[in-house]
Amino acid sequence: SYIPTNGSAVTRSGDDTSISAETLNYHPTEGTIVFDGQSGYPHGVTKSSYAYIVDGENDMFLYRHQGGGTYRLGGTGLSMYFNDSDISAQHRHVVSYNGNNDLVYYTETGLVASDDSVILPTNVTRIKLGSTSSNTSNYSGWIKGFSYYPQRITNTEAEALAATI
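Residues numbered from 1 in each chain as written. Predicted model: local features only at pLDDT ≥ 70, side-chain atom pairs only at ≥ 80, totals over all residues. Heavy atoms only, no water.

Enquirer: Hey, could you go over the overall build of the chain for me, with residue numbers and the actual values?
Expert: Across its full length, the chain holds 2 helices and 11 strands. Taking all 165 residues of the chain together, the buried fraction comes to 45%. Look at the contacts in the chain between residues 6 or more apart in sequence, and 62% of them connect residues 24 or more apart. Of the roughly 8,100 Å² of accessible surface on the chain, a fraction of 46% belongs to carbon and sulfur atoms. (Helix = DSSP H or I, 4+ residues; strand = E, 2+ residues; numbered from the N terminus. Buried < 20%, exposed > 50% of the residue type's maximum accessible area, 1.4 Å probe, protein only. Contact = heavy atoms within 4.5 Å. Areas by Shrake-Rupley, 256 points an atom, 1.4 Å probe, with all protein chains shown as cover.)

In structure tokens, the structure reads:
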């Protein structure tokens, strides 16, 4: 959001954007998440969070990881990395899951990883966009879009969706 400065230095904290699980119609055992954005934080910053699915015990999160060009999809029993050397590029992340034994993570470059033993968050209260559940690791960059679908799409559909940035 725009803040007029009138010639004075202005600082502001990061936006606190969250969507309740009820509003989103979040389905804890099956779904697809699509995130489009571009990270703009300088190298050396620890994390820059994209999306954080909050249940208080088995949170799931997607963030740009420290220093280099690494994105991480993480959570309980889940650690998938997408390596990218171009910090200035826009990326589309597609995560699709069905139960605790079927999760895939695609970007526009193809399949990043799949996992058949992930523990998904089941008591989700909200999804945070641009920060963690405690409003830390604020996102530095821009978010073009976030979509959630309450069903698992096929791998072919996930790959095609990720490729259409």
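Enquirer: Any details on the side chain of R152? Residues and values, ideally.
Expert: Residue placement: R152 occurs in the loop between β11 (141-149) and α2 (155-163). Among the residues examined, R152 registers a relative accessible area of 14% and is labelled buried. There is a polar contact of 3.0 Å between the side chain of R152 and the side chain of D102. Within the structure, the side chain of R152 is placed 2.7 Å from the side chain of N155, a separation counted as a polar contact. Here R152 is in contact with E30, G31, T32, S96, Y97, N98, D102 and V104, once residues within four sequence places are set aside. (Polar contact = N/O pair within 3.5 Å; in protein donor to acceptor, adjacent residues only side chain to side chain.)

Enquirer: Let's hear about the pattern of salt bridges: which residues, and what values?
Expert: Counted according to the given criterion, the structure contains 2 salt bridges. The salt bridge partner of R92 is D36, with a shortest N-O separation of 2.7 Å. Of the two residues, R92 is situated in strand β7 (residues 91-98) and D36 in strand β2 (residues 30-39); the sequence distance between them amounts to 56 residues. Measuring nitrogen to oxygen at the nearest pair gives 3.0 Å for the salt bridge that ties D102 to R152. Taken together, the residues D102 in the loop between β7 and β8 (103-107) and R152 in the loop between β11 and α2 connect sequence positions 50 residues apart. On the basis of relative accessibility, which here comes to 25%, the residue D102 falls in the partly exposed class. (Salt bridge = Lys/Arg side-chain N within 4 Å of Asp/Glu carboxyl O.)

Enquirer: Residues and numbers for the side chain of S96, please.
Expert: With respect to the secondary-structure elements, S96 resides in strand β7. Within the local environment of S96, its side chain forms a polar contact with the backbone oxygen of G31, the two atoms lying 3.5 Å apart. For S96, the contacting residues outside a window of four places in its chain are G31, T32, D102, L103, V104, Q151, R152 and I153.

Enquirer: Run through the nonpolar core, naming residues and quoting values.
Expert: Grouped together as the largest cluster of nonpolar side chains are 22 residues, with contacts concentrated most on Y26, M60, L73, Y97 and L103. Looking at this core, the elements with two or more residues in it are α1 (21-24), β2, β4 (60-65), β7, β8, β10 (126-129) and β11. (Core = buried A, V, L, I, M, F, W, Y, C linked by side-chain atoms within 4.5 Å.)

Enquirer: An account of the environment of E108 is requested, with residue identities and associated values reported.
Expert: Looking at the secondary structure, you find E108 in the loop between β8 and β9 (110-115). Taking relative accessible area as the criterion, E108 reaches 25% and is therefore assigned partly exposed. Beyond its immediate stretch of four places on either side in the chain, E108 contacts Q90, H91, R92, A162, A163 and I165. Separated by 2.5 Å, the side chains of E108 and H91 make a polar contact. Within the local environment of E108, its side chain forms a polar contact with the backbone nitrogen of R92, the two atoms lying 3.1 Å apart.

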